[in-house]
Amino acid sequence: MAVVTRPCSDFHCVINKSCRGRTSKHGWTLKSLCDLLKTQLCTIAISLTLYNSVRLPKEAYRYGAVPYLVIYTFWLLVVGLPTTLLQLAMGQLSQQDPVGVWRAVPILRGVGHLKVLTSYLSCVYYVMYVALSTAYLIWIAKGSFPLKDCTKVYMTPNGYENKMNATECFNSTFLAPFTEYPQYLGIMAILIFLLWFFVPIILYRLHKTLKTAIGILAAVIVTIAIILCIFLSNIEVLTTMFKSCEQWSPLSQPYIWFSALVQALLSTQIMSGYLISAGGSVYKNSDVRWTSALLIMANIFAGWLWILMWESIGGNGRKDKSFISILVLIYQSSIIEMRDKLWPLLAFGMVFVSGIISMVLLLYPVYDKLHRRTGDKWRLFACATSAIGTALTVAVLSRGQEVATILDDLVVPVLAVFTCAVEIVGFIFIYGCSYLTVDIEFLTGVKLPYFWVATWWTTPVLLVGVSGWWLRSLLRASWSLGQTLWPLLGVFVAILVIMVVMAAVAVAKEEQFNLISKISSAFRPSRQWGPEEPMARYVWMSQRYINETLSTDNDTISEQNNYSAIIFNKQNMDKKFKNDLYNADYQSTYNIYNRNIINNRNSPYRDIESVFATHTIPRDIEHQAVPTPDVY
């Protein structure tokens, strides 16, 4: 059956006709509103992970809350915002995982593998944190509070008092050496096994279940936090925190600058590759500019609110600065304030839910890579990664906080800064700043301000400069104390090996005749780089070719030639109309689209008709579209 189409001036108009009958006046439906809400909850949930809820307060206690938060906010705006935009844009354009996106620069494919490794390694030792909160959640719920195993009562002039503090309680129970209390390690091993094998069920259908689960968990955390602040917060305690405003001496040291920089990369999930994977799935219909801005603003507000909350709940006592500082704060403050066990249960439960969100976000890029690599068998490989993760987490736990602290303070920060710096250098200097600008303009449909280009050029300088300053001071301090930084040496060796091996693999896969040509080709985008959707890829390649051959002064890109309009209209086609379009009038629609562009006298594409070449699609004569005159 022939399909009659109206020769509109653009393809956008032709497709939009199929959606008008079933959308509201402004193009919104109940389903689209629900999807928008889920997407924004996923963005907010990034600020509710353990990186913000427990790691950020721990680092703030070390250097002073207010000075640290000021520097943290600075790094989020200067480094976090442009890097977030870059990752979301490249993920949305290519719809690839953190490794596949490096088809843009194959020689740097190792950066993608390092991001996946960083994400998995972070999950390994933070599962230990989640397991500890789960253990205390269960033990407090089924017994008395404080715990009987954490009680040493002594007679004092004021009566009987418990002399065991929260730090000693953790070290004598679930963090105790295996040789002294093997039963606690056995219990923790069971909890770790359950977390590694049953929490990832949330990702059984990857992004289809990710958005719903993350939205629900985020709502739970916000609700518990509001309840705790209403009933437990002490505003007078906050005056102690703001007194740190007078102590700005740490700003002269590199440690606070490097720590806040790393915290910004961890809080925004820049280091894990989640934003790249989510860019092509969770945020595939979103404007990357507004999504980036919302993500950064959510992290800024959440960072300040998390620290204010823990300060107001924790009281005026001395803050623990170890890896489990927030768990210690919850237990110790509940004992000092003689609170009912309901309140530590809510606090540990909030940390537990935050840990679940962290696990899901950290494992998502790992599972996305497995799914693209192994197809339908990815769940079997996911089970294998869970088994390995269980063994590694138990091994980390067997050494108490020592290994977890090394990973959190040295290994992961170095990996995060290195991958971020090389990523920006790869896309700006090797892939090309002009190509990157055209790609983002293709995604957004508007001209990219020069502000973003300036931030991309300065970000690698800031990353390398601050990291070098920190490393120099760290090495001097270690040598003066006679210490060796073998974990730091190990991570640098691992980075070098992975980058060299992956670069060699990329060069070997190039289809050239000599080594020099292969290496040169590995620095250029592969043929598989770019949008996967055929219509979007067609327009994207046309615009890239035009950008190379013509110099235009247009301030905007026409709406029908941007990725968002193409994908949005394609997904909103009626099923019957879409089938008829592809079976009967697919080619004639492209001819209308091309002819109107080329025949327009004011069009810059008028003299390059070869760009819009058409190809005959063989069809059965009975189903072939019948050309019709222009009908309006």
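Residues numbered from 1 in each chain as written. Predicted model: local features only at pLDDT ≥ 70, side-chain atom pairs only at ≥ 80, totals over all residues. Heavy atoms only, no water.

By the naming in an unreviewed UniProt entry, the protein is Sodium-dependent nutrient amino acid transporter 1-like, taken from Arctia plantaginis. Annotation of the protein in UniProt includes, under Subcellular location (unreviewed entry), the sentence "Membrane". Regarding the protein, the UniProt comment filed under Sequence similarities (unreviewed entry) reads as follows: "Belongs to the sodium:neurotransmitter symporter (SNF) (TC 2.A.22) family." (UniProt positions renumbered as here; feature names shortened; annotations may be inferred.)

Chemist: Could you clarify how one ought to interpret the overall build of the protein in this entry?
Modeler: Secondary structure assignment for the protein yields 23 helices and 2 strands. Counting every position in the protein, which comprises 632 residues, the buried fraction comes to 53%. For the protein, the proportion of contacts with a sequence separation of at least 24, taken over those separated by at least 6, is 82%. (Helix = DSSP H or I, 4+ residues; strand = E, 2+ residues; numbered from the N terminus. Buried < 20%, exposed > 50% of the residue type's maximum accessible area, 1.4 Å probe, protein only. Contact = heavy atoms within 4.5 Å.)

Chemist: Help me out: how do you make sense of the pattern of salt bridges in this one?
Modeler: Any two side chains of opposite charge can pair, given that their charged atoms come close. For the structure shown, the criterion picks out 12 salt bridges. Asp408 serves as the salt-bridge partner of Lys58, at 2.7 Å between the closest nitrogen and oxygen. Placement of Lys58 in helix α3 (residues 50-63) and of Asp408 in helix α16 (residues 402-444) is noted, with a sequence separation of 350 residues between them. Grouping residues by exposure puts Lys58 and Asp408 together as buried. The salt bridge partner of Asp368 is Arg372, with a shortest N-O separation of 3.2 Å. (Salt bridge = Lys/Arg side-chain N within 4 Å of Asp/Glu carboxyl O.)

Chemist: Mind showing me how you'd approach the UniProt feature "binding site: Na(+)" (unreviewed entry) in the protein here?
Modeler: Those places that UniProt annotates as "binding site: Na(+)" (unreviewed entry) correspond, in this numbering, to Asn52, Ser267 and Ser358. Separation in sequence by 307 residues is not matched in space for these annotated residues, since their most distant C-alpha atoms are only 10.3 Å apart. Note on placement: Asn52 falls in helix α3. Its relative accessible area of 0% is what places Asn52 among the buried residues. Asn52 has contacts with Ile46, Ser47, Pro57, Tyr72, Gln263, Ser267, Asn299 and Trp306, leaving out every residue within four places of it along the chain. Among the secondary structure elements, Ser358 is positioned in helix α14 (residues 342-374). The contact partners of Ser358, leaving out residues within four places of it in the chain, are Thr49 and Leu50. A polar side-chain atom of Ser358 sits 2.7 Å from the main-chain amide nitrogen of Leu50. (Polar contact = N/O pair within 3.5 Å; in protein donor to acceptor, adjacent residues only side chain to side chain.)

Chemist: Whenever I open this one, the packing of α3 against α14 confuses me. Can you help?
Modeler: Each pair of packed helices can be summarised by the angle the axes make with each other and by the distance between the axes. Contact geometry of α3 with α14 gives a least axis separation of 8 Å together with a crossing angle of 115 degrees. Listed contacts from α14 to Leu50, Tyr51, Ser53 and Val54 of α3 are Val351, Ser354, Gly355, Ser358 and Leu362. A per-class count over the contact of α3 with α14 returns 5 nonpolar, 4 polar and no charged. (Axes fitted to C-alpha atoms, helices over the stretch in contact; angles between N-to-C directions. Nonpolar A, V, L, I, M, F, W, Y, C, P; charged D, E, K, R; others polar.)

Chemist: Got a minute to help me understand the side chain of Ser267 in this structure?
Modeler: Secondary-structure assignment places Ser267 in helix α10 (residues 254-267). Overall, the relative accessible area of 0% leaves Ser267 in the buried class. Apart from residues no more than four positions distant in its own chain, Ser267 is found in contact with Ile46, Tyr51, Asn52, Tyr72 and Asn299.

Chemist: I tried to follow helix α18 (residues 486-509) on my own but got confused; where do I start?
Modeler: It helps to recall that an α-helix has 3.6 residues per turn; residues three or four apart then point in one direction. The first and last C-alpha atoms of α18 sit 35 Å apart over 24 residues, in line with the 34 Å expected at 1.5 Å per residue. Restricting attention to buried positions, one finds in α18 the residues Pro487, Leu488, Val491, Ile495, Met499, Met502, Ala503, Ala506 and Val507. Among the structural elements, α5 (109-142), α16, α17 (450-481) and α19 (515-522) are those in contact with the buried residues of α18. (Expected span 1.5 Å × (residues − 1).)

Chemist: Where do I start with the state of the cysteines in this structure?
Modeler: Linking two cysteines covalently via their sulfur atoms produces the bond known as a disulfide. Within this structure, the stated rule accounts for 1 disulfide. Here Cys150 connects covalently by a disulfide to Cys169, the sulfurs 1.8 Å from one another. When the S-S torsion is 65 degrees, as for the bridge of Cys150 with Cys169, the disulfide is right-handed. A residue pair is termed long-range when its members are at least 10 positions apart, and Cys150 in the loop between α5 and β1 (153-156) and Cys169 in helix α6 (residues 166-172) qualify at 19 residues. Assessed through its relative accessible area of 0%, Cys150 is described here as buried. In this structure Cys169 comes out as buried when scored by relative accessible area, which is 0%. (Disulfide = S-S within 2.5 Å.)

Chemist: Help me understand the environment of Trp529, please; the structure alone is not making it clear to me.
Modeler: Along the chain, Trp529 turns up in the loop between α19 and α20 (534-549). With 425 residues separating them in the primary sequence, Trp529 and Ala104 have C-alpha atoms 5.8 Å apart.

Chemist: Could you clarify how one ought to interpret unusual backbone geometry in this entry?
Modeler: Note on backbone geometry: most residues besides glycine have negative phi, and most peptide bonds are trans. In this structure, the amide linkage connecting Phe145 to the following residue, Pro146, adopts the cis form with an omega of 5 degrees. Along the chain, Pro146 falls in the loop between α5 and β1. Residue Gln95 is not a glycine yet carries a positive backbone phi of 50 degrees. Its place among the elements puts Gln95 in the loop between α4 (65-94) and α5. Overall, Gln95 belongs to the buried group, its relative accessible area being 18%.

Chemist: So what exactly am I meant to see when it comes to the nonpolar core here?
Modeler: Generally speaking, nonpolar side chains in soluble globular proteins are found buried as a group. Membership of the largest hydrophobic core comes to 173 residues, with the highest contact counts inside it found for Tyr129, Trp310 and Tyr331. With 21 residues, α16 is the single largest residue contributor to this core. The residues contacting Tyr129, other than those within four sequence positions of it, are Leu50, Val54, Phe323, Ile324, Ser325, Ile326, Leu327 and Val351. (Core = buried A, V, L, I, M, F, W, Y, C linked by side-chain atoms within 4.5 Å.)

Chemist: Can you help me understand α4 in this one?
Modeler: Most pronounced at Gly80, the bend in α4 amounts to some 40 degrees, and the proline Pro82 follows within four residues. With 26 of its 30 residues buried, α4 lies for the most part within the structure. The positive-phi residue at the C-terminal boundary of α4 is Gln95, with phi of around 50 degrees. (Bend = angle between axes of the 7 residues up to and from the residue.)

Chemist: What's the story with a nonpolar patch on the surface in this structure? I'm lost.
Modeler: A grouping of Val425, Phe429, Ile430, Trp457, Leu515, Ile519 and Phe523 is seen on the molecular surface, where their side chains present a nonpolar patch of about 600 Å² in accessible area. Where the nonpolar patch is concerned, the elements lending two or more residues are α16 and α19. With 3 residues, α16 is the largest single contributor of residues to the nonpolar patch. Structurally, the position occupied by Val425 is in helix α16. (Patch = residues over 30% accessible without salt bridge, like charges linked within 9 Å, V, L, I, M, F, W, Y side chains within 5 Å. Areas by Shrake-Rupley, 256 points an atom, 1.4 Å probe, with all protein chains shown as cover.)

Chemist: What is the right way to look at the environment of Ile324 in this model?
Modeler: Looking at where Ile324 falls in the secondary structure, it is placed in the loop between α12 (288-314) and α13 (325-336). Residues Ile324 and Tyr129 lie 195 residues apart in sequence; the distance between their C-alpha atoms is 7.4 Å.

Chemist: Which parts of the structure should I look at to understand the packing of aromatic side chains?
Modeler: Between two aromatic rings, the relevant description is the distance of the centres plus the angle of the planes. All chains considered together, the criterion is met by 32 aromatic pairs. An angle of 40 degrees between the planes, with centres 5.0 Å apart, marks the rings of Trp102 and Phe427 as tilted. Placement of Trp102 in the loop between α4 and α5 and of Phe427 in helix α16 is noted, with a sequence separation of 325 residues between them. By relative accessible area, Trp102 is classed as buried at 0%. On the basis of an interplanar angle of 75 degrees and a centroid distance of 5.3 Å, the ring pair of Tyr129 and Phe323 is categorised as edge-to-face. With Tyr129 in helix α5 and Phe323 in the loop between α12 and α13, the pair connects residues that are 194 residues apart, well separated along the chain. (Phe/Tyr/Trp six-rings, centres within 6.5 Å; stacked < 30°, edge-to-face > 60°.)

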